[in-house]
Amino acid sequence: MISVRTIMALLLAFLALPALATDAGMQNEAAAEGETWPFAGVYKMPVWIDQVQRVCPWKSDAGEGYIRVVRTNVKGPHGIYLQWIRKGIAGSETQAISTVRVEELEGQYQVHLQMPQPQLSPDACHLTALAESIITDRRYKMELVVKGPGEYQLLVTSLLQGGL
């Protein structure tokens, strides 16, 4: 069995590399910014990482970057990690400055969920996804309100069961 601590350590190691960008747009943007992609086209993501998505940009006095959502697939339910990625300046590399696990999805809500759809507001990034319990088949609407590095709030709406 893989422990959560081991998964977190490996996740940080693998996702800290700019080479793990999943969409071609990120690779094209990186090439335009002069970043190098030493493993472009040959990297392989760890088996417990189901999907990675770049969702919302952020900007502050200390820098700018984007938020990345990582969906894992370990022991049945999906897990979600949120990462705040800071773009490098003056030739320095892009790096993850904060990574948090949405802990409510491991204990309170054991669900399979869609990749969240982002909506940017002036003060936060809202990530909305539909989810289904792996135990009871109950459906939920989940919204993650993502703010500064390491700061999020999970809002859950239980959807009514349809029936005849």
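See the structure above.
Residues numbered from 1 in each chain as written. Predicted model: local features only at pLDDT ≥ 70, side-chain atom pairs only at ≥ 80, totals over all residues. Heavy atoms only, no water.

Can you lay out the overall build of the protein chain for me, pointing to particular residues and giving the numbers?
Across its full length, the protein chain carries two helices and nine strands. Reading the helices (α) and strands (β) of the protein chain from amino to carboxyl end gives α-α-β-β-β-β-β-β-β-β-β. With 164 residues in all, the protein chain has 35% of them scored as buried. In the protein chain, the proportion of contacts linking residues at least 24 apart, taken out of those at least 6 apart, comes to 37%. (Helix = DSSP H or I, 4+ residues; strand = E, 2+ residues; numbered from the N terminus. Buried < 20%, exposed > 50% of the residue type's maximum accessible area, 1.4 Å probe, protein only. Contact = heavy atoms within 4.5 Å.)

Requested: an account of the pairing of strand E8 (residues 139-146), with residues and values cited.
As defined by bridge partners, strand E7 (residues 125-133) adjoins E8 across eight bridges and the pair is classed as antiparallel. Bridging from a neighbouring strand, histidine 126 pairs with valine 145 of E8. With antiparallel pairing between neighbouring strands as the criterion, E7 and E8 make up a hairpin whose turn holds five residues, including aspartate 137 at a positive phi of roughly 65 degrees. Sheet topology note: the E8/strand E9 (residues 152-158) ladder contains seven bridges and is antiparallel. Paired with lysine 141 across the bridge in E9 is threonine 157. In sequence, E8 turns back onto E9 through a hairpin of five residues, with glycine 150 there showing a positive phi of about 80 degrees. (Pairing = 2+ DSSP bridges.)

Can you tell me about the packing of aromatic side chains, naming the residues and giving the values?
In total, this model carries one aromatic pair according to the counting rule given. Centre to centre, the rings of tyrosine 109 and tyrosine 140 are 5.3 Å apart; their planes meet at 75 degrees, and the pair counts as edge-to-face. One end of the pair, tyrosine 109, is in the loop between strand E4 (95-101) and strand E5 (111-113); the other, tyrosine 140, is in strand E8, and 31 residues separate them in sequence. Across the pair, exposure class does not vary: tyrosine 109 and tyrosine 140 are buried alike. The residue whose ring lies beneath arginine 54 is tyrosine 66, and the NZ or CZ to ring-centre distance is 4.1 Å. (Phe/Tyr/Trp six-rings, centres within 6.5 Å; stacked < 30°, edge-to-face > 60°. Lys NZ or Arg CZ within 6 Å of the ring centre and 35° of its normal.)

Any details on unusual backbone geometry? Residues and values, ideally.
Of note, the phi angle at aspartate 137 is positive, near 65 degrees, even though the residue is not glycine. Here aspartate 137 shows up in the loop between E7 and E8. Judged by relative accessible area, aspartate 137 falls into the partly exposed class, the value being 48%.

Can you explain the pattern of salt bridges? Please cite residues and give values.
Between side chains of opposite charge, a pair can form when the charged atoms approach closely. Counted according to the given criterion, the structure contains three salt bridges. In this structure, aspartate 50 and arginine 71 form a salt bridge, with 2.4 Å as the shortest nitrogen-oxygen distance. In this pair, aspartate 50 sits in strand E1 (residues 49-60) while arginine 71 sits in strand E2 (residues 63-73), placing the two residues 21 residues apart along the sequence. The exposure class assigned to aspartate 50 is partly exposed, which follows from its relative accessible area of 34%. As a salt-bridge pair, glutamate 132 and arginine 139 come within 3.3 Å of each other at their nearest N and O atoms. (Salt bridge = Lys/Arg side-chain N within 4 Å of Asp/Glu carboxyl O.)

Limitation: the analysis is restricted to geometry and does not speak to function.
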